[in-house]
Amino acid sequence: MLGVYCELISQLPTVSKSVISLSYKVLQKWFNLQGKSINDKKLKSFKNIGLWMGKVTIGRSEPLLINKLNLKEILIKSYTEKSRLQMNLEVIAKILESRTHDHFIFSVKNPWISPIFGVLR
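The sections below set out a description of the structure shown in this document. (Residues numbered from 1 in each chain as written. Predicted model: local features only at pLDDT ≥ 70, side-chain atom pairs only at ≥ 80, totals over all residues. Heavy atoms only, no water.)

Helix and strand counts for the protein chain stand at six helices and zero strands. Of the regular secondary structure in the protein chain, the N- to C-terminal order runs α-α-α-α-α-α. Residue pairs in contact within the protein chain that sit at least 24 positions apart in sequence constitute 66% of those at least 6 positions apart. (Helix = DSSP H or I, 4+ residues; strand = E, 2+ residues; numbered from the N terminus. Contact = heavy atoms within 4.5 Å.)

Structure follows, in C-alpha cells:
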C-alpha cells in the first residue's frame, strides 16, 4: 500500500507536493496553538484548510499521513487536556467531510478511519 502511495506522490507535480506538505505543517500548527491565540477568523481559516486538505487526500481516496497529522492522537490529547476539543473537532470534521458519500471510506472495516470513529464514540 505504501509503495502505491509513494508512486502516486511521485507522479504529482512538484508544486502540488510542496503545497500538500505546507498544508500538513499549517494544520499541525493549528492543533498546537494555545487557547488565547484563537479567534473566530482563525477557526474559519483552519476549517477551510482542513476541508481543502481532506479534498486532496481523502477526496482522492488517499489517507492522511499519520506521521504528519495523527487525528486520533489529536482528539485524545484535546480530550484529556480539556482544551480546544470543540474547535479541534470542527477542523477534523471538515477534513473528514470531503468524502461523506463514499461508503468504503466510512465503513467499519476501514483500518484508517475506524480508530478515529472509536475515539469519537
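Taken together, the side chains of Leu 89, Phe 117 and Leu 120 make up a nonpolar region of the molecular surface, amounting to roughly 210 Å² of accessible area. One can find Phe 117 in helix H6 (residues 114-120). (Patch = residues over 30% accessible without salt bridge, like charges linked within 9 Å, V, L, I, M, F, W, Y side chains within 5 Å. Areas by Shrake-Rupley, 256 points an atom, 1.4 Å probe, with all protein chains shown as cover. Salt bridge = Lys/Arg side-chain N within 4 Å of Asp/Glu carboxyl O.)

Turning our attention to helix H5 (residues 85-97). Taking 1.5 Å of rise per residue, the 13 residues of H5 would be expected to cover 18 Å, and the 18 Å separating its terminal C-alpha atoms lies within 8% of that figure. Taken residue by residue, H5 has Asn 88, Val 91, Ile 92, Ile 95 and Leu 96 as its buried positions. Seen along its axis, H5 keeps its buried residues to an arc of 140°; they face one direction. (Expected span 1.5 Å × (residues − 1). Buried < 20%, exposed > 50% of the residue type's maximum accessible area, 1.4 Å probe, protein only. Arc of directions from axis to C-beta.)

Evaluation of the coordinates by the stated rule reveals two salt bridges. In this structure, the salt-bridge partner of Lys 47 is Glu 90, at a minimum N-O distance of 3.3 Å. Highlighted residues: Lys 47 in helix H3 (residues 40-56) and Glu 90 in helix H5, separated in sequence by 43 residues. Residue class for Glu 90 comes out partly exposed when judged on its relative accessible area of 24%. The salt bridge involving Lys 94 is made with Glu 97; its shortest N-O contact spans 3.5 Å. Highlighted residues: Lys 94 and Glu 97, both in helix H5, separated by three residues, approximately one helical turn.

The subject of this paragraph is the packing of H3 against H5. Between H3 and H5, the shortest axis-to-axis distance is 6 Å and the interhelical angle comes to 30°. With respect to H5, the axis of H3 lies roughly parallel. Note on packing geometry: the crossing formed by H3 with H5 is right-handed. Residue-level inspection shows Leu 43, Phe 46, Lys 47, Gly 50, Leu 51 and Gly 54 of H3 in contact with H5, the latter providing Met 87, Glu 90, Val 91, Lys 94, Ile 95 and Glu 97. The class makeup of the residues in the contact of H3 with H5 is six nonpolar, two polar and four charged. (Axes fitted to C-alpha atoms, helices over the stretch in contact; angles between N-to-C directions. Parallel < 35°, antiparallel > 145°, perpendicular 65-115°, else oblique. Left-handed = near helix turned anticlockwise from the far one by under 90°. Nonpolar A, V, L, I, M, F, W, Y, C, P; charged D, E, K, R; others polar.)

Mapping Leu 120 onto the fold places it in helix H6. What Leu 120 contacts, discounting residues up to four positions off in sequence, is Leu 75 and Leu 89.

Here we take up the packing of helix H4 (residues 71-81) against H5. How two helices pack is summed up by the angle between their axes together with the distance between the axes. The contact between H4 and H5 brings their axes to 9 Å, and the two run at 160°. The orientation of H4 relative to H5 falls into the category roughly antiparallel. Seen from above, H4 lies across H5 with left-handed handedness. Taking contact as the criterion, the partners of Leu 71, Ile 74, Leu 75, Ser 78 and Tyr 79 in H4 are, on H5, Leu 85, Asn 88, Leu 89, Ile 92 and Ile 95. Split by residue class, the contact of H4 with H5 holds eight nonpolar, two polar and no charged.

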